[in-house]
Amino acid sequence: MPKFWWFGVFFALLGTAASAQIYSPVTDQRLLNPEPGNWLMVRRTYNGWGYSPLEQITPLNVANLVPVWTYSTGTGTAPLEGLETAPIVNNGIMFITTDRAKVIALNARTGEKFWEYQRQLPQDLRQLHPTNRGVALYGDKVYVATPDCFLVALDAVTGKVVWEQKVEDYQTGYYMTLAPLAAKGKILVGVSGGELGIRGFIQAFDANTGRSLWKTYTIPGPGEPGNETWPGDTWQRGAASIWITGTYDPETNVTYWGTGNGGPWIGDLRPGDNLYTTSVVGLDLDTGAIKTYFQYHWNDSWDWDEVDPPLLVDVTRGGRTVKAAVHPGRNGYLWLLERTGGELKFLDAKPYVFQNVFTQIDPTSGRPTYDPAHKPNLGQKVDFCPSLWGGKDWPYAAFNPKTGLLYIPANENLCGRMEAVEVRYQPGQSYTGARTELYVREGADHIGELQAWDLNTMRKVWTVTFQSPNWGSVLTTGGGLVFMGGTNDRYFRAFDARTGRELWKIRLNSGVIAPPVSYEVDGVQYIAVAAGWGIDAERMQGRLAQVLGWDPNVPKGGVIWVFALRDRVR
């Protein structure tokens, strides 16, 4: 039974208690068409929808949702950092990660632990965002990207290291926070470190051996198209980090990745468009060649990373079906692009929060024109909206094919100021060159929002508001629900997907900044989410505490929560 290990048999041999559980290898076919009851990658499917087709939990019965098990993860650091892991579930086995790239395998029905992998990290590791967003599954292995910039392959049954591969030198500012992407025998990762003077890239490795297959920089070097958008040698430290797992279109074999801000933050220090910062890049999966790109805004000067990749959705425009790429930008605009044969073409853009920087957007190219009064520069402190955390930071939007709606976790009414400070590049040290402030617009009565948009008309259908900022990724289901945490009151909530009406909520041990998922075991639908406040949500809370007099402290600590309908688990 080499391909269908029994977890229970293995652990019984070790003398530990564990229920019997089969491990099913993850094939390309399963990744392309996952079973409804499984959640095999970060957003479940390559199109990035964050959608589960399960229908057992509905608006009529969601009030009967109860916790069925929890698991305290612990974290590797003190003070505790946040949990941003997406629970990945393969036929009853759940895999989660913590901030120090600890990987834990659990029984998805009971919460029983099968195994745990803890990497020994170097003492001098510097990581501005100590988190990890989950694993990738392929074959009989589990893949995790580590903060000291290694890609590690684990045996899915035992948790033992099969191979590990160095991706970059952490001492020069590189680290990784994303979940890898598995496709066609390759494991893809990208690098963080945009505030530490790195040059971003995406790299593919052989899933079986760890051998590097290709490496594509997100800033072109000399002789490559786009290098002319960087003055002098600024391209060497221009950032364009990769923070979030890409999406993939198997029809065109193109994988799409969002890129981060330019470095240093003030654009005057690197005049030009600075390709491919704050963009989406489309790469040929087999070769890594850049097939297409679209830059959401040029010469970024606001720290508006555009790190989450576009959702791949079919929309109706002018009576025809369009294969679209949809991106709610950190710059406060909802972008609609057409992807024809893998190529990206601008279609439309609408502001989804207040934005005072763009004066117009070219209707053909999609290139924005700026109000110079709101573009940070070297000479003065400049005011702009939305703030450096944007209309939406990295938390995932979701798309429901039954409602045809896109759900955006947004932050409205937050603005900022930025002024330049002297900066000099030193490997592995801060290279932002800016000082920032945060403020709330006068007269604002809320900050956080959950918005629903009709992508065919590019109109907002409904909005739910919260006094708190919103750092919650969104899950939507075939049962007609939307699940989300993200607020500083520690509530995890369910909404009617068609109306936005709040139907259920429960207060957890800590705030939720991780994406929820849904899966099925033995005919029972479960909702799972990690609670563990920290990182940018905590930093924004601290800034707002200074401005609004709020309590800066939201309880911390990592716990996996799993819910099901009361009458299904008796």
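Up top you'll find the structure we're talking about.
This structure is a prediction, so every number in the text was calculated from the model and none was measured. (Residues numbered from 1 in each chain as written. Predicted model: local features only at pLDDT ≥ 70, side-chain atom pairs only at ≥ 80, totals over all residues. Heavy atoms only, no water.)

Asker: What am I meant to see in the overall build of the protein chain here?
Answerer: For the protein chain, the count of helices and strands is 3 helices and 38 strands. Taking 25 Å as the expected radius of gyration for a compact globule of 570 residues, we find that the protein chain reaches 22 Å, a close match to that expectation. Partitioning the intrachain contacts of the protein chain with sequence separation of at least 6 by distance along the chain shows that 61% fall at a separation of at least 24. Just so you have it, the protein chain exposes about 19400 Å², and 48% of that area is on carbon and sulfur atoms. The positive charge centre, built from 52 side chains, and the negative charge centre, built from 56, are 3 Å apart in the protein chain. (Helix = DSSP H or I, 4+ residues; strand = E, 2+ residues; numbered from the N terminus. Rg over C-alpha atoms; globule rule 2.2 N^0.38 Å. Contact = heavy atoms within 4.5 Å. Areas by Shrake-Rupley, 256 points an atom, 1.4 Å probe, with all protein chains shown as cover. Lys, Arg positive; Asp, Glu negative; His and termini not counted. Charge placed at Lys NZ, Arg CZ, Asp CG, Glu CD.)

Asker: What is the right way to read the state of the cysteines from this model?
Answerer: Covalently bonding the sulfur atom of one cysteine to the sulfur atom of another cysteine gives a disulfide. One pass over the full model with this rule turns up 1 disulfide. Across the disulfide, Cys-385 is cross-linked to Cys-415 (sulfur-sulfur distance 2.0 Å). Disulfide Cys-385-Cys-415: the torsion about the S-S bond is 105°, which places it as right-handed. Of this pair, Cys-385 sits in the loop between β25 (382-384) and β26 (398-400) while Cys-415 sits in strand β28 (residues 414-420), and the two are 30 residues apart along the sequence. The two residues Cys-385 and Cys-415 agree in class, both being buried. (Disulfide = S-S within 2.5 Å. Buried < 20%, exposed > 50% of the residue type's maximum accessible area, 1.4 Å probe, protein only.)

Asker: What is the right way to look at the sheet that holds strand β38 (residues 559-565) in this model?
Answerer: Sheets are built from strands that pair by backbone hydrogen bonding, the pairs being arranged parallel or antiparallel. Overall, antiparallel pairing links the 4 strands, which are arranged β2-β38-β37-β36 in an open sheet. Of all strands in the sheet, those with a lone pairing partner are β2 (65-72) and β36 (517-521), marking the two edges. The mean inter-strand angle of the sheet, taken between neighbouring strand axes irrespective of direction, is 30°. With 5 bridges joining them, β36 and strand β37 (residues 524-531) adopt antiparallel strand pairing. Residue Ser-518 lies in a different strand from β37, and its bridge partner there is Ile-527. (Pairing = 2+ DSSP bridges. Axes fitted to C-alpha atoms, helices over the stretch in contact; angles between N-to-C directions.)

Asker: For this particular structure, what's the right way to read the nonpolar core?
Answerer: Nonpolar side chains in soluble globular proteins generally cluster together in the buried interior. By size, the foremost hydrophobic cluster in this structure holds 148 residues, and its most contacted members are Met-94, Phe-95, Phe-483, Tyr-519 and Phe-563. With near-sequence residues (within four places) excluded, Phe-563 lies in contact with Leu-65, Val-66, Pro-67, Val-68, Phe-492, Trp-504, Ile-506, Leu-508, Gln-525, Tyr-526, Ile-527 and Val-529. Ranked by size, the runner-up nonpolar core spans 21 residues in total, among them Leu-311, Val-313, Ala-324 and Ala-397. (Core = buried A, V, L, I, M, F, W, Y, C linked by side-chain atoms within 4.5 Å.)

Asker: Looking at this structure, how should I read the pattern of salt bridges?
Answerer: Pairs can form between side chains of opposite charge once their charged atoms are near each other. With the rule as written, the count across this model stands at 30 salt bridges. The shortest N-O distance in the salt bridge between Glu-116 and Lys-102 comes to 3.9 Å. Of the two residues, Glu-116 is situated in strand β6 (residues 113-117) and Lys-102 in the loop between β4 (93-97) and β5 (103-107); the sequence distance between them amounts to 14 residues. The exposure class of Glu-116 is partly exposed, given its relative accessible area of 36%. We classify Lys-102 as buried; its relative accessible area is 8%. Sharing partners across several salt bridges, the network here consists of Asp-303, Asp-305, Arg-330 and Asp-393. (Salt bridge = Lys/Arg side-chain N within 4 Å of Asp/Glu carboxyl O.)

Asker: Looking at this structure, I do not really get unusual backbone geometry. What am I missing?
Answerer: Glycine aside, residues mostly have negative phi, and peptide bonds are mostly found in the trans state. A cis amide bond links Gly-263 with the next residue in sequence, Pro-264, at an omega value of -10°. Relative to the helices and strands, Pro-264 resides in the loop between β16 (254-258) and β17 (279-284). Following Cys-385, the chain continues into Pro-386 via a peptide bond in cis, with omega recorded as -5°. Unlike most non-glycine residues, Lys-184 shows phi in positive territory, near 50°. Within the secondary structure, Lys-184 sits in the loop between β11 (181-183) and β12 (186-190). Positive phi, normally seen in glycine, also occurs at Ala-239, with a value near 80°. For Ala-239, the position within the fold is in the loop between β14 (212-217) and β15 (247-249).

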